[in-house]
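Next come the chains, spelled out residue by residue.
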Amino acid sequence: MKPNPHTVKDELLAAYPKKTARKRAEQIVVNERRADGAVPEIRANVRTTPGAITQRGCTYAGCKGVVIGPTRDILSITHGPIGCGFYSWLTRRNQTRTESPEDANYMTYCLSTDMQDEQIVFGGEKKLRAAIEEAYALFHPKAIAIFSTCPVGLIGDDVHVVARDMKEKLGINVFGFSCEGYKGVSQSAGHHIANNQLFKHVVGTDETPRPEKFKINLLGEYNIGGDAFVIEDLLERCGITLISTFSGNSTYDAFANSHMADLNAVMCHRSINYVAEMMEKKFGIPWIKVNFVGAEGTAKSLRHIAQYFNDAELTERVEKVVSDEMTEVLKTQFDVRSRCEGKTAMLFVGGSRAHHYQTLFAEMGMKTVAAGYEFAHRDDYEGRRVLPTVKVDADSRNIEELTVGPDETRYRPRKGPDELVQLQSAGMEVSGYQGMMPDMEDGTLVIDDLYHVEMERLLEIYKPDIFCAGIKEKYAVQKAGIPCKQLHSYDYGGPYAGFRGAINFYNEIDRMVNTRIWSYVQAPWETEEELAQEAIAS
Ligand code: CFM
């Protein structure tokens, strides 16, 4: 029998003291869409209740690990004690491909100032300067980025002054990030800080003109498991020039030249919408939301890009690529549907994938019964139209909001207001994002910042056929006898983007939900006799 989502919500809340339950109730929402498309309000981007086991990461993780980390030729230095610098490793399965074997790729290196007690007491700036000089002597990079961990902010080291001095001294671009882990309630704050600094220090610093016809940037694609390679190939076959990607398979030079593009295609809205907005204000480049996850989403995104440029030849090429790819996609869809139709999934991931990957499951005939983001904001759930009503609390006010206006010489609106309205009325959302909830069925559960104790109850109540989360959840889920797909790292798999990626995903999920191995999961103390007795008792 299908569980009643309202009863499930009450059950989840029953675990908490009254005051906590009252607040938490606003983050656990039964999705019900009104006729006008509006969805219930959800509380998001707020502090995790102390004591709860959250899926979230910290601000430093969002800045260093997520946004800047995947850029291969920016040398990243973590400033802090080594115990705080886990993400110096870049643990995220981002891939990159240099154009020639001689080109710089620092992604496999792990640099930290390794602060000791002495620096905590007397200050760490001196050690940071020495580290930058040492790194420069070793690698001669084009740019060095410095990332602050919590203690740096607590003791008051000024990484920006150090960066400015070193930039002058070494003659390369050096910039710092005040991305101390505690700066925000999650990694989301780190995205914003990374966006700001990239925009201030890198974007628009290379004026080399680009002669190509259809020039775009892809924002919010991080090349996990090779996704970017699939998308790059598709764009190339369509005749679309990718000036830069923020930041999968990316380079410093591409960011510097990115203001030459005529369109920003935003994939992960949460992590990079700030850059899109600032580029629009300063250079006049419009942005649209795209989604290269799922065959349908990929086709729609390519078509929207063609529609934006409004060119018959481009449209024709896009249609050719889509139809070439769809034959194989539909064949696999048909095959996996015979085994997966009606099975259920739950997705609790980050700030965009819990939405994007629902489309892949839908293409397989599978249902999403519950989903949520770790650190997204209300607009990622409910759509950007709620932005004016989002409460700005003290935690959000902590993050710098850059004031950006049109560039005196370089502001060039790529489309006039009328053209933008025309695109809108042709069904294309410009500067917009619908969010996750309008795409989810009524009666599904939407939970922000899922707590571990809730996850365990959900598994018991719904027994979904697959649960999608990350490494911290994976083994707890599997011990409950339910397969867990990591949608952050893809486990060892991928790519899942584009048409080819969709086929990969269908096949992998088909294997995961149809293997019998999970029915054999049994704790040693659960003897057959005891289980039989339990069954009789219930
Ligand atoms: Fe964007 Fe991401 Fe995500 Fe994200 Fe992330 Fe990630 Fe993610 Mo892990 S940028 S919000 S901070 S799509 S690392 S590639 S998988 S939580 S859903």
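Rules of the game
Residues numbered from 1 in each chain as written. Predicted model: local features only at pLDDT ≥ 70, side-chain atom pairs only at ≥ 80, totals over all residues. Heavy atoms only, no water. Helix = DSSP H or I, 4+ residues; strand = E, 2+ residues; numbered from the N terminus. Rg over C-alpha atoms; globule rule 2.2 N^0.38 Å. Buried < 20%, exposed > 50% of the residue type's maximum accessible area, 1.4 Å probe, protein only. Contact = heavy atoms within 4.5 Å. Areas by Shrake-Rupley, 256 points an atom, 1.4 Å probe, with all protein chains shown as cover. Polar contact = N/O pair within 3.5 Å; in protein donor to acceptor, adjacent residues only side chain to side chain. Patch = residues over 30% accessible without salt bridge, like charges linked within 9 Å, V, L, I, M, F, W, Y side chains within 5 Å. Salt bridge = Lys/Arg side-chain N within 4 Å of Asp/Glu carboxyl O. Axes fitted to C-alpha atoms, helices over the stretch in contact; angles between N-to-C directions. Left-handed = near helix turned anticlockwise from the far one by under 90°. Nonpolar A, V, L, I, M, F, W, Y, C, P; charged D, E, K, R; others polar. Lys, Arg positive; Asp, Glu negative; His and termini not counted. Near = heavy atom within 4 Å. Pairing = 2+ DSSP bridges.

A. Quick look at the overall build of the chain. Counting its secondary structure elements, the chain contains 21 helices and 14 strands. By the compact-globule yardstick of 24 Å for 538 residues, the chain fits well, its C-alpha radius of gyration being 24 Å. Taken over the C-alpha atoms alone, the chain extends approximately 80 × 65 × 45 Å along its principal axes. Split into buried and exposed, the 538 residues of the chain put 57% on the buried side. Of the contacts made within the chain by residues no fewer than 6 positions apart, 76% connect residues no fewer than 24 positions apart. Of the accessible surface of the chain, which amounts to about 23900 Å², a share of 52% is contributed by carbon and sulfur atoms.

B. Broad picture of the environment of Asn217. Mapping Asn217 onto the fold places it in strand S6 (residues 215–221). Along the sequence, Asn217 and Thr515 sit 298 residues apart, while their C-alpha atoms lie 41 Å from each other. A polar contact is formed between the side chain of Asn217 and the side chain of Asn264, at a distance of 2.8 Å.

C. Summary view of a nonpolar patch on the surface. A cluster of nonpolar residues, Ile120, Val121 and Phe122, forms a patch on the protein surface that exposes about 340 Å² of accessible area. Locating Ile120 in the fold gives a position in helix H4 (residues 117–122). Among the residues examined, Ile120 registers a relative accessible area of 34% and is labelled partly exposed.

D. Broad picture of the packing of helix H1 (residues 5–13) against helix H18 (residues 452–462). Packing of H1 against H18 leaves a shortest axis separation of 10 Å and a crossing angle of 145 degrees. Viewed along their axes, H1 and H18 form a crossing whose handedness is right-handed. Along the contact surface, H1 presents Pro5, Val8, Glu11 and Leu12, while H18 presents Glu454, Arg457, Leu458, Ile461 and Tyr462. Residue composition of the contact of H1 with H18, by class: six nonpolar, no polar and three charged.

E. Fine view of the side chain of Glu221. Within the secondary structure layout, Glu221 lies in strand S6. As a buried residue without a salt bridge, Glu221 has its nearest oppositely charged side chain in Arg353, at a separation of 5.2 Å. There is a polar contact of 2.8 Å between the side chain of Glu221 and the backbone nitrogen of Asn223. Those residues in contact with Glu221 that lie beyond four places of it in its chain are Asp227, Ala228, Ile231, Thr245, Phe246, Ser247, Gly248 and Met267.

F. Molecular detail of the site of the ligand. Not every one of the 13 residues close to the ligand is listed here, only the nearest: Arg92, His191, Cys268, Ser352 and His488. Split into classes, the residues belonging to the shell around the ligand amount to five nonpolar, six polar and two charged.

G. Layout of the pairing of strand S4 (residues 143–148). In terms of burial, S4 is a largely internal element, six of the six residues being buried. In S4, alternate side chains face the same way, and those of Ala143, Ala145 and Phe147 on one face and Ile144, Ile146 and Ser148 on the other are all buried. Examined bridge by bridge, strand S2 (residues 74–79) and S4 share six bridges and lie parallel to one another. Bridging from a neighbouring strand, Ile74 pairs with Ala143 of S4. Where S4 and strand S5 (residues 173–177) come together, five bridges link them in parallel fashion. Note on S5: the bridge partner recorded for Ala145 is Phe175.

Everything listed is a geometric property; what it means functionally is a separate question.
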